[in-house]
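Chain by chain, the residues run as shown.
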Amino acid sequence: MTASVTIGEFSRLTHLSVKTLHHYHEIGLLAPARIDPSSGYRRYETRQVPTAQLIRRLREMQMPLAQVRAVVEAPDLESRDEALRLHLDQMERELVRTRDVVASLRSMLTLPVTNLQVEYRFVPAFRAYSVTDRVDRSRIEQWCGTTFALLGEIAAIHGITATPGATYGDEFFTEDVGEVVGFLPVAPDQPAIERVGLVDLPAAYFAVAVHNGPFTDFDRTYGALGSHVAEYCEVAPGPIREIYVVGPGDTTDPTGFRTEICWPIQRIPATKG
């Protein structure tokens with residue numbers, strides 16, 4: 001059984017403001033059951049209350065309207081639950097990231113600044129299996145997850161024990177989108193295989209610093225290492241390299257991550273700064 005109510009009454013029933021109900025009607029998300037042809041007044045039915053409550057809760061979870069529509073208009077419970085699950089998974093990832101950012105900010109406020117340990121290193125040329133893409137900075141976590149899962153699978157199949165890494169072109173930092181090359185070092189005579197490329201990375205000098213912990217506060221180590229290079233070294237052209245000594249594929253605890261950041265320099269300085 002259902003009853004017809006005014007928009008004001010429906011607002012009280014659902015805790016959705018009249019303004020919000022007008023908006024949902026305009027975008028076709030929640031239309032009134034009927035509109036009086038003479039007065040234009042909207043009337044809803046009590047059977048619409050559960051749908052309105054669902055929409056309200058989804059919006060409280062900051063679900064975009066397009067996804068809300070997908071849930072509300074799902075043809076069956078299975079489709080609806082899948083749309084909800086995907087959004088909840090996304091919220092959980094964002095919650096973890098928010099906690100990491102908060103922890104990073106607290107460390108900036110409470111932990112003293114320590115001197116960065118910088119090592120100068122010459123890295124000979126080497127061959128590597130590779131995955132190359134133009135990657136948006138906002139998608140780098142997902143891209144790395146997919147890329148290094150693939151490289152890890154290949155390493156297991158072929159018995160490769162080398163440490164993976166990636167190179168980041170200048171545009172990745174300056175334009176928020178640029179070339180990223182995920183790589184897995186291999187023997188010089190390693191044959192090409194499907195699904196990945198085969199690249200020869202050139203020999204280069206680097207100033208190297210270790211970032212311990214999650215990637216959230218990567219910028220602090222980047223800032224310290226880049227400042228050191230600017231003050232004591234001659235910067236060389238070429239992408240920055242990251243070596244994932246201990247990464248997500250090795251531990252589920254981000255505090256255990258250990259990443260070498262390799263900044264290209266022209267030569268090893270005669271004396272360290």
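A few points on the structure. Quick caveat: nothing in here was measured; it's all calculated off a predicted structure.

1. Side note on the overall build of the chain
Thought 1: Across its full length, the chain holds 8 helices and 11 strands.
Thought 2: In summary, the chain has a C-alpha radius of gyration of 27 Å against a globular reference of 19 Å for 273 residues, an excess of more than 25%.
Thought 3: Dimensions of the chain, computed from the C-alpha atoms along their principal axes, are close to 85 × 45 × 30 Å.
Thought 4: Here the chain, with 273 residues, has 33% of them falling under the buried criterion.
Thought 5: Put simply, 69% of the contacts in the chain that link residues at least 6 apart link residues at least 24 apart.
Thought 6: Here the chain displays about 16600 Å² of accessible surface, and carbon together with sulfur accounts for 54% of that area.
Thought 7: Side chains of the chain carry 27 positive and 35 negative charges; the gap between the two charge centres is 7 Å.

2. Some thoughts on the environment of Phe215
Thought 1: The residue Phe215 is located in the loop between β9 (204-212) and α8 (218-232) in this model.
Thought 2: Here the alpha-carbon distance between Phe215 and Ala125, two residues 90 residues apart in the chain, equals 27 Å.
Thought 3: Among residues more than four places away in sequence, those in contact with Phe215 are Pro248, Phe257 and Thr259.

3. Looking at helix α3 (residues 49-60)
Thought 1: A rise of 1.5 Å per residue sets the reference length of α3, with its 12 residues, at 16 Å; its end C-alpha atoms lie 16 Å apart and thus fit the reference within 8%.
Thought 2: Listing the buried residues of α3 in full gives Val49, Ala52, Ile55 and Leu58.
Thought 3: Positioned one or two residues after α3, Gln62 has a phi angle of 65 degrees, which is positive.

4. Describing the packing of helix α1 (residues 7-14) against α3
Thought 1: Running from N to C, α1 and α3 point in directions that differ by 60 degrees, and their axes come no closer than 10 Å. By the angle between their directions, the pair α1 and α3 is classed as oblique. Between α1 and α3 lies a crossing of right-handed hand. Contacts from Phe10, Leu13 and Thr14 of α1 reach α3 at Val49, Ala52, Gln53 and Arg56.
Thought 2: Tallied by class, the residues present in the contact of α1 with α3 amount to 4 nonpolar, 2 polar and 1 charged.

5. A few points about unusual backbone geometry
Thought 1: Even without being glycine, Gln62 reaches a positive phi, approximately 65 degrees.
Thought 2: Assignment of secondary structure puts Gln62 in the loop between α3 and α4 (65-72).
Thought 3: Located in the positive-phi region is Arg195, a residue other than glycine, with phi close to 85 degrees.
Thought 4: Among the secondary structure elements, Arg195 is positioned in the loop between β7 (177-186) and β8 (197-201).
Thought 5: On the accessibility criterion, Arg195 (52% relative accessible area) is exposed.

Rules and cut-offs
- Residues numbered from 1 in each chain as written.
- Predicted model: local features only at pLDDT ≥ 70, side-chain atom pairs only at ≥ 80, totals over all residues.
- Heavy atoms only, no water.
- Helix = DSSP H or I, 4+ residues; strand = E, 2+ residues; numbered from the N terminus.
- Rg over C-alpha atoms; globule rule 2.2 N^0.38 Å.
- Buried < 20%, exposed > 50% of the residue type's maximum accessible area, 1.4 Å probe, protein only.
- Contact = heavy atoms within 4.5 Å.
- Areas by Shrake-Rupley, 256 points an atom, 1.4 Å probe, with all protein chains shown as cover.
- Lys, Arg positive; Asp, Glu negative; His and termini not counted.
- Charge placed at Lys NZ, Arg CZ, Asp CG, Glu CD.
- Expected span 1.5 Å × (residues − 1).
- Axes fitted to C-alpha atoms, helices over the stretch in contact; angles between N-to-C directions.
- Parallel < 35°, antiparallel > 145°, perpendicular 65-115°, else oblique.
- Left-handed = near helix turned anticlockwise from the far one by under 90°.
- Nonpolar A, V, L, I, M, F, W, Y, C, P; charged D, E, K, R; others polar.

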